[in-house]
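Each chain is listed here by its residues.
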There are 4 protein chains.
Amino acid sequence: MGIRTAVAGASGYAGGEVLRILAGHPEIEIGALTAGSNAGTELGAHQPHLRSLAGRVLAETTPETLAGHDVVFLALPHGQSGPLAERLGDDVLVVDCGADFRLADPADWERFYGSPHAGTWPYGLPELPGQREALRGAKRIAVPGCYPTAVTLAMFPALAAGLVEPDVVVVAASGTSGAGRAAKPHLLGSEVMGSVSAYGVGGTHRHTPEMVQNLSAVAGAPVTVSFTPTLAPMSRGILATCTAKARPGLTAGALRAAYEEAYDGEPFAGLLPEGRWPATSMTLGANTALLQVALDEAAGRVVVVAAIDNLTKGTGGGAVQSANLALGLPEGLGLTTIGVSP
Amino acid sequence: MGIRTAVAGASGYAGGEVLRILAGHPEIEIGALTAGSNAGTELGAHQPHLRSLAGRVLAETTPETLAGHDVVFLALPHGQSGPLAERLGDDVLVVDCGADFRLADPADWERFYGSPHAGTWPYGLPELPGQREALRGAKRIAVPGCYPTAVTLAMFPALAAGLVEPDVVVVAASGTSGAGRAAKPHLLGSEVMGSVSAYGVGGTHRHTPEMVQNLSAVAGAPVTVSFTPTLAPMSRGILATCTAKARPGLTAGALRAAYEEAYDGEPFAGLLPEGRWPATSMTLGANTALLQVALDEAAGRVVVVAAIDNLTKGTGGGAVQSANLALGLPEGLGLTTIGVSP
Amino acid sequence: MGIRTAVAGASGYAGGEVLRILAGHPEIEIGALTAGSNAGTELGAHQPHLRSLAGRVLAETTPETLAGHDVVFLALPHGQSGPLAERLGDDVLVVDCGADFRLADPADWERFYGSPHAGTWPYGLPELPGQREALRGAKRIAVPGCYPTAVTLAMFPALAAGLVEPDVVVVAASGTSGAGRAAKPHLLGSEVMGSVSAYGVGGTHRHTPEMVQNLSAVAGAPVTVSFTPTLAPMSRGILATCTAKARPGLTAGALRAAYEEAYDGEPFAGLLPEGRWPATSMTLGANTALLQVALDEAAGRVVVVAAIDNLTKGTGGGAVQSANLALGLPEGLGLTTIGVSP
Amino acid sequence: MGIRTAVAGASGYAGGEVLRILAGHPEIEIGALTAGSNAGTELGAHQPHLRSLAGRVLAETTPETLAGHDVVFLALPHGQSGPLAERLGDDVLVVDCGADFRLADPADWERFYGSPHAGTWPYGLPELPGQREALRGAKRIAVPGCYPTAVTLAMFPALAAGLVEPDVVVVAASGTSGAGRAAKPHLLGSEVMGSVSAYGVGGTHRHTPEMVQNLSAVAGAPVTVSFTPTLAPMSRGILATCTAKARPGLTAGALRAAYEEAYDGEPFAGLLPEGRWPATSMTLGANTALLQVALDEAAGRVVVVAAIDNLTKGTGGGAVQSANLALGLPEGLGLTTIGVSP
């Protein structure tokens, strides 16, 4: 008998990705699948790519339907995980793919999300210093946002080692699945194909305070982040280009060494060989974060580029990686470093 | 110790897909990786998505580098497998992803490929009646072409059951990876994005005689195939729309029943539930062929639509499925029915 | 002073394309722009590419707002043009981009559209034999559907000349803009990118009876059409592959000659040189229909491939071409044969 | 009789775009079309979208074939325009779409292009202060690079007004046509579709010194530019995100006012209304540069986003705009602000 697992929000993109990974996970037994307005329909009507689960009928997302499982993954609109999680048992591992439990500062939460702060759970990014240990045996996990995953992994080694000034500029391109399955006109294929566009410019994107929180903690001092997200004509993938002023005397060798050290032994994140630059296609469907660094001496800046699959390492894969740690399983169980390409 | 396996043509798209699947196959141990002009370079320079194999150096494709393996996958330009295979031992399982050993009629081969005919090997499409048995214990396998895989699976049940006239019209859309990694101007991203184009019209595509051969064998009589391939702006996937005149008296129910019977128990191919139509995204990275059928009473025709991933079920996945049978392993080992979507 | 022109449905894709063309038309003066639920907003909120009109505020679509113009283009959901047109003056040129006045047979209309039949107007396809004359001086024009434009232009020469049997198979790929701007989940970028899918299979697509009507009229006898539309990952473009059985004795030369004759002198439609096959990118933003023909002797079939921009020749450009004729202007005024590529 | 015009490099993407625009230019008569290895073939074999010119045969690019024209557009690989231009008459307007005459500093040229410096010609960006006047009556024009067009237009108003520190960070996404028609594996559709990738990171891209030169001139002091180009899955378009530290006391209102003033009366560049952000699709085929600005108070930075069509405003349209000025024609002749969308 496997570890009995429920997924709330199974008809959405995040829930679908959690299920895609769980379906190949050797220790997991998939239990209740729930949804909001799609309750009562077959999973296959929404996730036809999940062939082995396509005939499952979605239950309504309630504490009752989610009861009786060892693990519950929540893939819900922000603000919904908080109230629901309160009614799930303390002995159940609850993994929230939403934003509700990521931010430590209630003021940040309220300013960016406009509702009462639910609290803070252990943050599901095992590559951060000390974080792997914090996740072992945890009963609650806040899965990082997709952009913060890419940006935090890109910049923490340089900030932790004091190689750059605490003033980070990030421009990131994301595939459209990051916006979820909401049928909004600007997300129509006709609008997004053949076009790159900017949105959430000027520090207004909700993932900004999460990046600031992560990077400030690592730097041991306040870090500012100028974050500009852009929408690219692809379904999946984030390419984050991150720069900060190099501290005087930094050499390209020292920069590279800091990243090699920070990612030494990490199974899912690290530098590409010199001369190769990340492309999101390298990570499609894989739980990897692939980085490259450069020191631009003329501009006096460090540039770090990170590629992830926003749904895998940025959501469902990251969630399973942290859940594995919490459950005492091998961290990489059910996960792959092999992407689907071309 | 796993089954020692070599892949010739490892830097191309077909070879990369074989490796993507073998990398997750529990019984396979990956041995020599070889290439033509890319010999001497790292696999990661060509296949950066194959993280766990990225540091492997490609050897030259020769009988010597391929010797000493239990299985050899050949993913070479057509015409190259024939001479090479002659020099591989009879006790080695040789799986040819190329066209060299697919056609039974030397005249067909010579007309479409313009070189001497190499011969005919057991055809790697286990879903064809009797073919699964023919593959068990085989030492040589000819992997079907990508278009013939989709079209044969789409039409054989109707032809075998005599439900349609032996005069098939096929229009298929393929992703660009079907053309391989050759750097030709018309395959540049700038040319293919935002555009669907026709090519190989009027029966001139090399996969036409393979479809005719398969469908005629099943129908027990000559079948004509009017085949028009089109190039679609996506990397992977084939959607084949196949039609033939319905025999008098055919009902929608009888049509559906014939397909359900033909695919009863098949792990990797079959009908979608009524009302759902195939999309190639449902099959991305999966070894599935997803079908749907309709009877157009006004036009008097049966329409069958099939979706596959041209690189997975259409090449590398199909190759591994047949190799599993030849090796006496469970047919689905290392393969999945779960696609990567959205 | 130009010809005063109103556009109803200006915030949709068809209305936007009509405006894109009218904005460069030397004889047209753009008057009222109207919308349904978008009334009261700026055009630029919906059509930011129409820079010179972006500040215009959309009025509500009513007979009153549309009054006082010489020409009114209707780009409305089907069923809405009929009642509205009744209240526009007989001296006004009304060009309906919708389906309301295309079908001659009320039974066809009711079966495919489910509402009372509005009537039949002169059909805006000047390339059809005799149709150019029918459009000169007309006060009402029914713009053809996008698929019927491509398919009719592809097949009428062969049917008119009796070169093929009256039994046509069509498989067409369309860009997503053909479905309009309705925010439906299956049209989201995340769903359509990287995927080709079938829909409306088995003769159920609403454009089927329009094709049958056109081709039967030209053939002088009932023609059946098996029509399968597919959705391709691009915003614009239709590639229609059309085949029919060749009549005995047909030669490739005679086939080609029939098309050259049918399109002799046509400004916007015709054959590509031998050896070149249509791609939708050749027609992007242009009012052209580009064709190529082949005779497949093995299969005994004629294959005709046609490429158009579904929004230009298939909607807005075709509408302006016919309106030019109706207004006594040069047929090509404001239109181009030059596409935007790559 | 029109102004007799030749285009060298007519089979490439830049040459094709120049021709696309010239084909609709009312004062231009298109003369010789020349090419390198494609000489002797029909233009339509390479540019099938240019229907009215498709039958033209390409001559070889030599001083002789280009002689006898009033205007010559050069769309050649860098390094080829210099020697050729020397042999074209001083009375001929020569417009170089290549890089040869853009950089003032021979050392910059040699470092980034590795060949002898050809010289410096009037820079074809009329929106720069004083530049429109410099172009009137000119006989030689250096068309700006595509990235420098977007970045210079994005940042010059803020730098000229002293609103930001002279330390600019740029991350730009480009469509693949920016790399030209060279058939390189990494530009294949299979590689670029579904993927965003970084390249030329760390100040190594050849357009970097051109940006530094432009922005330093406007700022009246050395400006550093950290430039990271990325490749996006689309054929056309550049979206450049540019940021710099805001000078103390800068307000959002003052920022906006500076841009409104800088672009007051400009026909082809300027701010979008507040609340709307640029998308490259808004500019497809149009000669427009569309901007938006934000002041991120938390990060203390100004963010400017610019969208252009790299082939139109970024190459062929910009070239014609400057040529119009040089020829004493209305600046916008043959150009449009209306994009092709969706």
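No experiment lies behind these values; they were computed from the predicted model shown.

What counts, and at which threshold
- Along each chain, residue indices are assigned from 1 in the same order as the chain's sequence is written.
- Note on labels: chains are lettered from A, ligands numbered from 1, in written order.
- Per-residue local features are limited, in this predicted model, to residues with pLDDT of at least 70; the limit for side-chain atom pairs, both in listing and counting, is 80 or more; totals at the level of whole chains, interfaces and linings are taken over all residues.
- Note that water and hydrogens are dropped before the side-chain values are worked out from all heavy atoms of the structure.
- Contacts: residue pairs with any heavy atoms within 4.5 Å of one another.
- By convention, the term buried area covers the 1.4 Å-probe accessible surface removed from two parts as they join, with the contributions of both added.
- Any Lys or Arg side-chain nitrogen located within 4 Å of an Asp or Glu carboxyl oxygen qualifies as a salt bridge.
- Polar contacts here mean pairs of N or O atoms no more than 3.5 Å apart (in protein, one a potential hydrogen donor and the other a potential acceptor; neighbouring residues in sequence count only if both atoms are side-chain atoms).
- Helix and strand definitions follow DSSP, with helices as H or I runs of at least four residues and strands as E runs of at least two, each counted in order from the N terminus.
- Residue exposure (1.4 Å probe, protein chains only): buried if accessible area is under 20% of the type maximum, exposed if over 50%, otherwise partly exposed.
- The arc refers to the directions leading from the helix axis to the C-beta atoms.
- Think of it this way: a Phe, Tyr or Trp ring, Trp meaning its six-membered ring, pairs with another when their centres are within 6.5 Å, and the plane angle makes it stacked under 30 degrees, edge-to-face over 60, tilted otherwise.
- When the copies are superposed, the least-squares fit takes in the C-alpha atoms of residues with a pLDDT of at least 70 in both.
- Under the convention adopted here, Pro, Cys and the residues Ala, Val, Leu, Ile, Met, Phe, Trp and Tyr are nonpolar, Asp, Glu, Lys and Arg are charged, and Gly plus all remaining residues are polar.
- UniProt positions are given in the numbering used here, feature names are shortened, and annotations may be inferred rather than shown by experiment.
- Strand pairing follows a simple DSSP-based rule, namely that at least 2 bridges must link the two strands.
- By convention a crossover is right-handed if, when the strands point away from the viewer, the path from the first strand over the helix to the second runs clockwise.
- For helices, the fitted line uses only the C-alpha atoms of the stretch in contact; every axis is such a line through C-alpha atoms, and the angle between N-to-C directions lies from 0 to 180 degrees.
- The scheme is simple: roughly parallel for angles under 35 degrees, roughly antiparallel for over 145, roughly perpendicular for 65 to 115, oblique for anything else.
- Left-handed describes a crossing whose near helix is turned anticlockwise from the far helix through less than a right angle; right-handed describes the clockwise counterpart.

A.B. asks: Teacher, can you tell me more about the interface of chain D and chain A here?
C.D. replies: Quite often, the size of an interface is put as the accessible area lost when its parts meet. With 40 residues of chain D in contact, the opposing surface of chain A contributes 40 residues. Summing both partners gives a buried area of about 3,100 Å² for chain D against chain A, and 64% of it is carried by carbon and sulfur. Viewed at the interface, chain A and chain D are joined by 2 salt bridges. Put simply, Asp167(A) and Lys245(D) hold a salt bridge, and the shortest N to O gap is 3.0 Å. At the boundary of chain D and chain A, one finds 12 residue pairs in polar contact (both at pLDDT 80 or more). Every element with two or more residues in the side of chain D that touches chain A is listed here: strand 7 (167-174), helix 7 (189-192), strand 8 (197-198), strand 9 (224-231), strand 10 (238-245), strand 12 (289-296) and strand 13 (301-308) of chain D. The biggest single contributor to the side of chain D that touches chain A is strand 9 of chain D, with 5 residues.

A.B. asks: When you look at helix 9 (residues 252-262) of chain C in this model, what are you seeing that I'm missing?
C.D. replies: Since one α-helical turn is 3.6 residues long, residues separated by three or four positions face the same way. All names here are of chain C. Taken together, the buried positions of helix 9 are occupied by Leu255, Arg256, Ala258 and Tyr259. Mapping the buried residues of helix 9 onto a view down its axis gives an arc of 155°, with all of them on the same face. On its buried side, helix 9 packs onto helix 6 (146-160), strand 11 (269-271), strand 12 (289-296) and strand 13 (301-308).

A.B. asks: Just checking my understanding: could you explain the packing of aromatic side chains for this structure?
C.D. replies: The geometry of an aromatic ring pair is captured by the separation of the ring centres together with the interplanar angle, meaning the angle of the planes. Residues and elements named next belong to chain B. Scanning the entire structure with this criterion turns up 16 aromatic pairs over all chains. With centroids separated by 4.0 Å and ring planes inclined at 15°, the aromatic side chains of Trp109 and Tyr113 adopt a geometry described as stacked. Of this pair, Trp109 and Tyr113 are both found in helix 4 (residues 106-113), 4 residues apart, which corresponds to roughly one turn of the helix. You'll find Trp109 and Tyr113 in the same group, each marked buried.

A.B. asks: Is there a simple way to explain the relation of the copies chain D and chain A in this structure?
C.D. replies: One copy of the chain maps onto the second through a rotation around an axis plus a translation along that axis. Laying chain D over chain A is done by rotating through 180° and shifting 0.0 Å along the axis; what remains is an RMSD of 0.0 Å. The two molecules are tied by a two-fold rotation axis, judged by turn and shift. A share of 100% of the interface residues of chain D reappears at the interface of chain A, consistent with the copies meeting face to face through the same patch.

A.B. asks: How should I be thinking about the interface of chain C and chain A in this particular structure?
C.D. replies: On the chain A side, the residues contacting the 18 residues of chain C number 18 residues. When chain C packs against chain A, the two sides together hide about 1,400 Å² of surface, and 56% of this comes from carbon and sulfur. The largest share of the area that chain C buries against chain A comes from Leu188(C), Ser190(C) and Met193(C), three residues that together contribute 41% of it. Joining chain C to chain A, the criterion identifies 12 residue pairs in polar contact (both at pLDDT 80 or more). The biggest single contributor to the side of chain C that touches chain A is helix 7 (residues 189-192) of chain C, with 4 residues. Residue classes in the side of chain C that touches chain A are distributed as 10 nonpolar, 5 polar and 3 charged.

A.B. asks: It is not clear to me how the relation of the copies chain C and chain A should be interpreted in this structure. Could you clarify?
C.D. replies: Once chain C has been moved 0.0 Å along the axis and rotated by 180°, it coincides with chain A to within an RMSD of 0.0 Å. Most of the interface of chain C is mirrored in chain A: 100% of its interface residues are interface residues there too.

A.B. asks: Explain the UniProt feature "active site" (unreviewed entry) in chain A here, please?
C.D. replies: Residues and elements named next belong to chain A. Cross-referencing UniProt, the feature "active site" (unreviewed entry) maps to Cys146 in the present numbering. You can see Cys146 is positioned in helix 6 (residues 146-160). Residue classification places Cys146 among the buried residues on the basis of a relative accessible area of 11%.

A.B. asks: Honestly, helix 4 (residues 106-113) of chain D in this entry has me stumped. Any pointers?
C.D. replies: All names here are of chain D. Buried within helix 4 we find Trp109, Phe112 and Tyr113. Summarising the axial view, the buried residues of helix 4 lie within an arc of 85°, below the 170-degree limit, and thus occupy one face. The backbone nitrogen of Ala107 lies 2.7 Å from a side-chain oxygen of the residue at the head of helix 4, namely Asp105. Gly114 sits one or two residues past helix 4 and shows a positive phi near 70°.

A.B. asks: Looking at this structure, how should I read the pattern of salt bridges?
C.D. replies: Pairing between side chains of opposite charge can happen when their charged atoms approach one another. Throughout the structure, instances matching the rule amount to 56 salt bridges over all chains. Ionic pairing is found between Asp309(A) and Arg236(A), a salt bridge with its closest N-O pair at 2.9 Å. Pair noted here: Asp309(A) is in the loop between strand 13 (301-308) and helix 10 (312-327) and Arg236(A) is in the loop between strand 9 (224-231) and strand 10 (238-245), with a separation of 73 residues, a long-range link. In terms of burial, Asp309(A) and Arg236(A) fall into one category: buried. Put simply, Arg132(C) and Glu331(C) hold a salt bridge, and the shortest N to O gap is 2.7 Å. Placement of Arg132(C) in helix 5 (residues 131-135) and of Glu331(C) in the segment after helix 10 (312-327) is noted, with a sequence separation of 199 residues between them.

A.B. asks: Looking at this structure, I do not really get the environment of Ala39(D). What am I missing?
C.D. replies: All names here are of chain D. Looking at the secondary structure, you find Ala39 in the loop between strand 2 (28-35) and strand 3 (59-60). For the pair Ala39 and Ala10, spaced 29 residues apart in the sequence, the C-alpha separation amounts to 9.6 Å. Residue contacts for Ala39: discarding those within four places in its chain leaves Leu58, Ala59 and Glu60.

A.B. asks: Explanation requested: the pairing of strand 5 (residues 93-96) of chain A in the structure shown.
C.D. replies: The two faces of a sheet get side chains in turn, since along a regular strand they alternate between them. All names here are of chain A. Covered by surrounding structure in strand 5 are Leu93 and Val95 together with Val94 and Asp96, the residues of both alternating faces. Bridge count between strand 4 (residues 71-74) and strand 5: 4 bridges; the pairing is parallel. Within strand 5, the residue paired with Leu74 across the bridge is Asp96. For the segment spanning strand 4, helix 3 (residues 81-86) and strand 5, crossover handedness is right-handed. Pairing of strand 5 with strand 6 (residues 140-142) involves 3 bridges; the strand directions are parallel. Across the sheet, Asp96 pairs through a bridge with Ala142, a residue of strand 6.

A.B. asks: Where do I start with the sheet that holds strand 1 (residues 3-8) of chain C in this structure?
C.D. replies: Sheet strands line up and pair through hydrogen bonds in the backbone, either parallel or antiparallel. Residues and elements named next belong to chain C. Strand order across the open sheet formed by 6 strands is 3-2-1-4-5-6, with parallel pairing between neighbours. Only two strands of the sheet have a single partner each, and these edge strands are strand 3 (59-60) and strand 6 (140-142). Contacts from helix 1 (residues 13-22) reach strand 1, strand 2 (28-35) and strand 4 (71-74) within the one sheet, and its direction differs from that of strand 1 by about 160°.

A.B. asks: Sorry, what's going on with the pairing of strand 4 of chain C here?
C.D. replies: Residue and element names in this part refer to chain C. By the alternation rule, side chains of strand 4 split into Val71 and Phe73 and Val72 and Leu74, which are all buried. Where strand 1 meets strand 4, 4 bridges bridge the pair, whose relative direction is parallel. Paired with Val7 across the two strands is Phe73, which belongs to strand 4.

A.B. asks: What is the right way to look at the environment of Leu19(A) in this model?
C.D. replies: Residues and elements named next belong to chain A. In this structure, Leu19 sits in helix 1 (residues 13-22). With 13 residues separating them in the primary sequence, Leu19 and Ala6 have C-alpha atoms 9.5 Å apart. Look past the residues within four positions of Leu19 in its chain and what remains in contact with it is Val7, Ala10, Ile30, Leu33, Leu43, Leu50 and Leu53.

A.B. asks: Explain the UniProt feature "domain: Semialdehyde dehydrogenase NAD-binding" (unreviewed entry) in chain A to me, please; I cannot follow it from the model alone.
C.D. replies: UniProt tags residues 4-136 of chain A as "domain: Semialdehyde dehydrogenase NAD-binding" (unreviewed entry). End C-alpha to end C-alpha, residues 4-136 of chain A measures 19 Å, and it is 25% helix and 17% strand.

A.B. asks: I'm lost on the sheet that holds strand 12 (residues 289-296) of chain B in this one. Help?
C.D. replies: All names here are of chain B. Taken in spatial order, the 7 strands of this open sheet run 8-9-7-10-13-12-11, and their pairing is mixed. Both outer strands of the open sheet, strand 8 (197-198) and strand 11 (269-271), are each paired with one neighbouring strand and no more. Strand direction decides the pairing type here: strand 12 and strand 13 (residues 301-308), joined by 8 bridges, are antiparallel. By the bridge assignment for strand 13, Leu290 is matched with Ala307. Against the sheet, helix 8 (residues 208-219) contacts strand 7 (167-174) and strand 9 (224-231), and its axis sits at roughly 140° relative to strand 9. Against the sheet, helix 9 (residues 252-262) contacts strand 11, strand 12 and strand 13, and its axis sits at roughly 160° relative to strand 12.

A.B. asks: How should the packing of helix 1 of chain A against helix 10 of chain A be read in this particular structure?
C.D. replies: For any two helices packed against each other, the geometry comes down to the angle between their axes and how far apart the axes lie. All names here are of chain A. Contact geometry for helix 1 and helix 10: axes closest at 9 Å, N-to-C directions at 50°. With respect to each other, helix 1 and helix 10 are oriented oblique. Judged by the twist between their axes, the crossing of helix 1 over helix 10 is right-handed. The residues of helix 10 that touch helix 1, namely those facing Ala14, Glu17, Val18, Arg20, Ile21 and Leu22, are Thr312, Thr315, Gly316, Gly317 and Val320. Along the lines of polarity and charge, the residues of the contact of helix 1 with helix 10 split into 5 nonpolar, 4 polar and 2 charged.

A.B. asks: Sorry if this is basic, but what is going on with the environment of Leu125(A) here?
C.D. replies: Residues and elements named next belong to chain A. Within the secondary structure layout, Leu125 lies in the loop between helix 4 (106-113) and helix 5 (131-135). The buried category is assigned to Leu125, whose relative accessible area is 1%. Expressed as a C-alpha distance, the spacing of Leu125 and Leu135, which sit 10 residues apart in the sequence, is 8.7 Å. The contact partners of Leu125, leaving out residues within four places of it in the chain, are Gln131, Leu135, Pro144, Thr149, Thr152, Leu153 and Ser322.

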